[in-house]
Amino acid sequence: MSSDSLNHLFATYRRLGDCLKIAGRAVDTENLRMLEGTEFVGQPKIQAASWIQETRKTVDDLSVVGLWALFERYVIEYTQERAVPLGDTEPVDFGERLHKKVEGEIERWRADEILDLFKGVIKPDQIGIAKQIKEYRDWVAHRNPKRLPSAQTEPKSAYNILFTIVDALERT
Amino acid sequence: MEKRFPLRQGDKVLATLTASKTGVTLNHDLTEDQLRMLPTVMPFDESGTQLNVYQSEGKTVSFSDNTGLPQLKLGEDEDGFLNVRDTKELAGLRIKLTGPGSVGNQPVNDGYLVLELGPFEKINTYRDRVGQLYEQVTTWLTSTSLKIKRRPTSISENVYGSYHAPLLEICSADGIKAATLEPVGASVIGAEGRVDLVGSRDRQSILYFEAEGPRINVTQGSGDSAAHISHRLFKGVTVAGWYWLEDVRLGRARQLEEGLFKDLLKGVADIYEL
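Residues numbered from 1 in each chain as written. Chains lettered and ligands numbered in written order. Predicted model: local features only at pLDDT ≥ 70, side-chain atom pairs only at ≥ 80, totals over all residues. Heavy atoms only, no water.

**Q** Sorry, what's going on with the sheet that holds strand β12 (residues 161-171) of chain B here?
**A** For sheets, the rule is that strands pair by backbone hydrogen bonds, running either parallel or antiparallel. All names here are of chain B. Pairing in this open sheet of seven strands is antiparallel, and the strands run β11-β12-β13-β14-β15-β18-β19 from one edge to the other. Each end of this open sheet is capped by a strand with a single partner; those strands are β11 (147-157) and β19 (252-255). Adjacent strand axes in the sheet meet at a mean angle of 30°, parallel and antiparallel pairs treated alike. Here four bridges tie strand β18 (residues 241-247) to β19, and the two strands are oriented antiparallel to one another. Across the sheet, Leu245 pairs through a bridge with Ala253, a residue of β19. Here helix α2 (residues 121-140) sits on the sheet and contacts β11, β12, β13 (177-185), β14 (194-199), β15 (203-209) and β18; the angle it forms with β12, its principal contact strand, is near 5°. (Pairing = 2+ DSSP bridges. Helix = DSSP H or I, 4+ residues; strand = E, 2+ residues; numbered from the N terminus. Axes fitted to C-alpha atoms, helices over the stretch in contact; angles between N-to-C directions. Contact = heavy atoms within 4.5 Å.)

**Q** Would you mind showing me how to read helix α4 (residues 92-106) of chain A here?
**A** It helps to recall that an α-helix has 3.6 residues per turn; residues three or four apart then point in one direction. Residues and elements named next belong to chain A. The end-to-end C-alpha distance of α4 is 21 Å, a good match for the 21 Å that 15 residues give at a rise of 1.5 Å each. By the burial criterion, the buried members of α4 are Gly95, His99, Val102 and Ile106. Within α4, the buried residues cover an arc of 75° as seen down the axis, which keeps them to one side. Away from its buried face, by an angle of more than 90 degrees, α4 presents the exposed residues Arg97, Lys100 and Lys101. Considering only its buried residues, α4 is in contact with α3 (45-82) and α5 (111-117). (Expected span 1.5 Å × (residues − 1). Buried < 20%, exposed > 50% of the residue type's maximum accessible area, 1.4 Å probe, protein only. Arc of directions from axis to C-beta.)

**Q** Help me understand the environment of Ile229 of chain B in this model?
**A** Residues and elements named next belong to chain B. In this fold, Ile229 is placed in strand β17 (residues 227-232). For Ile229, a relative accessible area of 36% corresponds to the partly exposed category. Remark: the alpha-carbon pair of Ile229 and Leu133, spanning 96 residues in sequence, is separated by 34 Å. With sequence-adjacent residues up to four places away left out, Ile229 is seen in contact with Ile216, Asn217, Val218 and Gln220.

**Q** Looking at this model, I keep getting lost on the pairing of strand β5 (residues 52-56) of chain B. Mind explaining?
**A** Two faces, one strand: in a regular strand the side chains alternate between the faces of the sheet. All names here are of chain B. Direction of pairing for β5 relative to strand β6 (residues 60-64): antiparallel, over a ladder of five bridges. Within β6, the position partnered with Asn52 by the bridge is Ser64. The hairpin turn running from β5 into β6, its antiparallel successor, is three residues long, and Gly58 in that turn takes a positive phi close to 85°.

**Q** Honestly, the layout of surface pockets in this entry has me stumped. Any pointers?
**A** In this approach a probe as big as a water molecule rolls over the atoms, and the regions it shows empty are the leftover space. Of the pockets and cavities examined, the largest pocket occupies roughly 740 Å³. Along the wall of the largest pocket there are 34 residues; nearest its centre are Glu30 and Lys45 of chain A together with Glu32, Arg36 and Ser187 of chain B. Counting residues per element, the ones that place at least two in the lining of the largest pocket are α1 (3-28) and α3 of chain A together with α1 (32-36), α2, β11 and β13 of chain B. In terms of residue class, the lining of the largest pocket is made up of 13 nonpolar, nine polar and 12 charged. (1 Å grid on protein atoms, 1.4 Å probe; cavity = no way out; pocket = protein on both sides within 12 Å on 5 of 7 lines; lining within 4 Å. Points joined across faces, edges and corners; volume = space filled by probe spheres on them. Nonpolar A, V, L, I, M, F, W, Y, C, P; charged D, E, K, R; others polar.)

In structure tokens:
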């Protein structure tokens with residue numbers, strides 16, 4: 001994973017938004033050439049427009065989930081790479097086992113804990129916003145009414161902050 | 001003797017009301033798209049004097065001159081549509097309160113009445129077609145123990161606002177509701193109206209199509225080799241009537257007939273005697 005994966009997903013999200021814009025125009029103008037073979041045919045326009053809006057909201061939410069998944073994979077792999085020198089610890093057998101243990105454990109670390117490792121490397125406010133994105137991602141994925149996110153997140157701001165962090169880490 | 005009342009928006013005459021012994025006719029050259037913009041107009045007499053619109057009790061709307069003398073009286077139905085007949089069976093009129101505070105959600109403080117033109121005749125056409133469907137369904141179910149009840153309901157559509165149309169309840173012999181035919185609207189994409197058959201298990205949409213239904217025109221290629229291809233949106237649509245969309249993605253529709261309706265009814269509600 002690199003910042004390219006984030007760029008690719010965000011570009012796909014933007015293009016999907018454009019497709020929904022075109023669908024909205026086809027509905028507005030009742031362009032049957034465009035709408036043929038879709039479930040929009042036979043719907044009141046207001047219903048069709050509402051479907052497009054709902055789809056847009058779902059695409060927004062799932063894009064945040066996708067962006068977070070790529071980001072999380074990146075920071076896990078980054079942390080695992082930085083743990084490789086543990087394998088050189090003496091004695092050799094101990095060092096190898098220590099490295100394997102830490103490498104395996106990192107996969108199970110909480111995202112908050114991994115992000116806290118980057119304090120001093122990444123600006124604290126950026127780490128704070130990344131944690132809010134994680135909170136929102138958890139809410140989208142689990143819809144737990146007892147764990148409402150502290151802030152709404154939309155794909156553009158999520159992309160901006162996650163890309164900034166990945167870019168900064170790639171430069172280290 | 002006929003009397004004409006031009007309906008103007010500014011200097012432009014958008015339509016004319018012609019009052020005769022047989023009723024009031026609405027004449028215009030507006031397209032459906034133009035009517036969907038819901039232009040507001042004011043009535044004038046033949047000498048070019050603007051008339052005022054008044055609403056009186058008893059669902060009557062009158063156009064009066066400055067002395068208060070009514071020049072024309074029109075009946076108003078329960079949905080606020082005026083009793084005029086468009087020979088093209090497309091346009092209709094209703095009154096609308098306008099004035100200070102009429103923009104946005106602000107209440108009208110000091111308003112006056114204007115006329116609103118719109119494709120309102122389509123509502124009457126839709127209601128007639130829904131009525132015919134209900135009569136047909138009633139006939140199809142005569143031989144069963146199911147009971148039919150017609151009830152009033154109202155629909156709200158962007159273009160038309162709120163208006164009344166009946167729904168049809170289909171009940172078991174002991175009076176328990178099994179399914180309902182619910183009017184959805186006169187304005188749906190690709191069809192001329194929709195009614196949904198709704199039961200406790202499922203919902204099916206029934207659409208009205210004109211003969212052959214909508215056509216799609218496509219040009220393939222370019223220049224001399226360009227080919228113009230025209231095909232029907234739905235393969236099964238032949239004559240005007242109510243159809244069930246068997247598969248919207250494959251463009252398949254089937255005309256509603258007794259056997260199909262009973263199958264749909266069984267599918268949406270647990271009715272075993274059909």
